[in-house]
Amino acid sequence: MLLKITVTQYCDVMELNSTAPTEKSRPRVLRGLVAIVVTAALVGLGIWVGSSYFRGAEGVAPSDSELSASQHTSHLVRSLRISAASNTTPPNIASIPEAAAGVEPFECGTRFSTALEDAVVDLVGVDYLSTVAGSRSLDVEPWRVQQTQAHTGAIALKQLFPEECTPQVPIVYSLDADMRFADAISVRQMLLGSDELVEEWSQLYLLAETEEEREIALSGLWQVVNWEASASPGRSPFSLVW
């Protein structure tokens, strides 16, 4: 009888020892699988949602939609950020110069052209700040790329304005003291205005009344989101903190 009890206890112990590592490793495996599935789902969602916006030309909030215009742009920005974080350019999005090519000059005084003036001034500001930051950085290439994109974008958009309402761009932009006297300008300092730029181009997308205006607004919004993703990967939507 004692032998039977001893053998039974030994079998129980061996069974526990053999299953313990599996039970401990299983949660880690499951967590890894969940992370992969969630990441893949987000990438697919970003591309699908983005393409559903970009295929249509009826405006931001079609009559059969239950979302308001601001809700549409909010979802649009989210899908663009997902695509930027996964380094995937959504379909039918061109660069700012490509979107502006061949477009007839805008009429002065419209809500869209007036808002676009401010966006052009801000693009020139990014050009200026990128030049300053690049001159103080050991890693010049990222700043050069951003400066070139902002510069060519601003020039392309300026050509869309009649002479009487050409955007008035400051010769020099003011810098905060911590940036003006710093040995180097950090990415975080450059991103202080990121949310404002995204909001500015989102509003332009809302104000767009023609397909050409919408394409220009979308190209500018995508450019700003791309800068944001390149400079600060930690703000990726994959963090699930939206």
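Residue indices begin from 1 for each chain and proceed along its sequence in written order. Selection of residues for local features in this predicted model requires a pLDDT of at least 70, selection of side-chain atom pairs for listing and counting requires 80 or more, and totals for whole chains, interfaces and linings are taken over all residues. The side-chain figures draw on all heavy atoms in the structure; neither hydrogens nor water molecules are used.

(A) Representation of the nonpolar core within the structure. Residues belong to a common nonpolar core when they are buried Ala, Val, Leu, Ile, Met, Phe, Trp, Tyr or Cys residues joined through side-chain atoms within 4.5 Å. For every residue, the accessible area (1.4 Å probe, protein chains only) is compared with the maximum for its type, and the residue is labelled buried under 20%, exposed over 50%, or partly exposed between those bounds. With 41 residues, the main nonpolar core has Leu 80, Phe 112, Leu 116, Leu 157, Trp 201 and Leu 221 as its most contacted residues. Numbering goes from the N terminus for both helices and strands, where a helix is a DSSP run of H or I of at least four residues and a strand is a run of E of at least two. Sorting the residues of this core by element identifies helix 2 (69-85), helix 3 (96-100), helix 4 (111-135), helix 5 (140-158), helix 8 (194-207) and helix 9 (211-231) as the ones contributing at least two each. A contact between two residues is defined here by any heavy atoms of the two lying within 4.5 Å. Once residues lying within four places of it in the same chain are set aside, the contact partners of Leu 221 are Leu 76, Val 77, Leu 80, Val 198, Trp 201 and Ser 202. In terms of nonpolar packing, the next biggest core, distinct from the first, is built from 6 residues, Trp 143, Leu 175, Met 179 and Ile 185 among them.

(B) View of the environment of Leu 116. Among the secondary structure elements, Leu 116 is positioned in helix 4. Look at Leu 116 and you get buried, because its relative accessible area is 0%. Each C-alpha atom, one on Leu 116 and one on Ala 217, is 8.6 Å from the other, the two residues being 101 residues apart in sequence. Those residues in contact with Leu 116, other than ones at most four positions away along the chain, are Phe 106, Leu 157, Phe 161, Trp 201 and Leu 204.

(C) Up close: the side chain of Ser 130. The residue Ser 130 is located in helix 4 in this model. Relative accessible area serves as the criterion here: at 2%, Ser 130 is assigned to the buried category. Think of a polar contact as two N or O atoms within 3.5 Å of one another; within protein, one of them needs to be a possible hydrogen donor and the other a possible acceptor, and neighboring residues in sequence only count if both atoms come from side chains. Within the structure, Ser 130 has its side chain in polar contact with the side chain of Gln 146 (distance 2.9 Å).

(D) Representation of the packing of helix 2 against helix 9 in the model. Geometry is summarised by axes, namely lines fitted to C-alpha atoms with helices restricted to the contacting stretch, and by angles between N-to-C directions that run from 0 to 180 degrees. The contact between helix 2 and helix 9 brings their axes to 9 Å, and the two run at 50°. Classed by the angle they form, the pair helix 2 and helix 9 counts as oblique. Read as a crossing pair, helix 2 and helix 9 show a hand that is right-handed. Seen from helix 2, the contacting residues are Leu 76, Val 77, Leu 80, Arg 81, Ser 83, Ala 84 and Ala 85; seen from helix 9, they are Leu 218, Leu 221, Trp 222, Val 225, Asn 226, Glu 228 and Ala 229. Ten residue types, Ala, Val, Leu, Ile, Met, Phe, Trp, Tyr, Cys and Pro, are classed as nonpolar, four, Asp, Glu, Lys and Arg, as charged, and the remainder, Gly among them, as polar. When the residues that make up the contact of helix 2 with helix 9 are grouped by side-chain class, the tally is 10 nonpolar, 2 polar and 2 charged. An angle counts as roughly parallel when it lies under 35 degrees, as roughly antiparallel when it exceeds 145, as roughly perpendicular when it falls between 65 and 115, and as oblique in every other case. Crossing chirality is assigned from the near helix's rotation relative to the far helix, an anticlockwise turn below a right angle marking it left-handed and a clockwise turn marking it right-handed.

(E) Representation of a negative patch on the surface within the structure. Only residues above 30% relative accessible area that lack a salt bridge enter a patch, with like-charged residues linked at up to 9 Å and the nonpolar side chains Val, Leu, Ile, Met, Phe, Trp and Tyr linked at up to 5 Å. Calculation of accessible area relied on Shrake-Rupley with a 1.4 Å probe; when residues are assessed, cover is drawn exclusively from the protein chains displayed. Only one rule defines a salt bridge in this text: a Lys or Arg side-chain nitrogen within 4 Å of an Asp or Glu carboxyl oxygen. Neither His nor the chain ends is counted toward charge; the positive residues are Lys and Arg and the negative residues Asp and Glu. Charged groups are reduced to one reference atom each: NZ for lysine, CZ for arginine, CG for aspartic acid, CD for glutamic acid. Together, Glu 104, Glu 211, Glu 212 and Glu 215 make up a region of like negative charge exposed at the surface. Mapping Glu 212 onto the fold places it in helix 9.

Nothing here speaks to function; it is all geometry.
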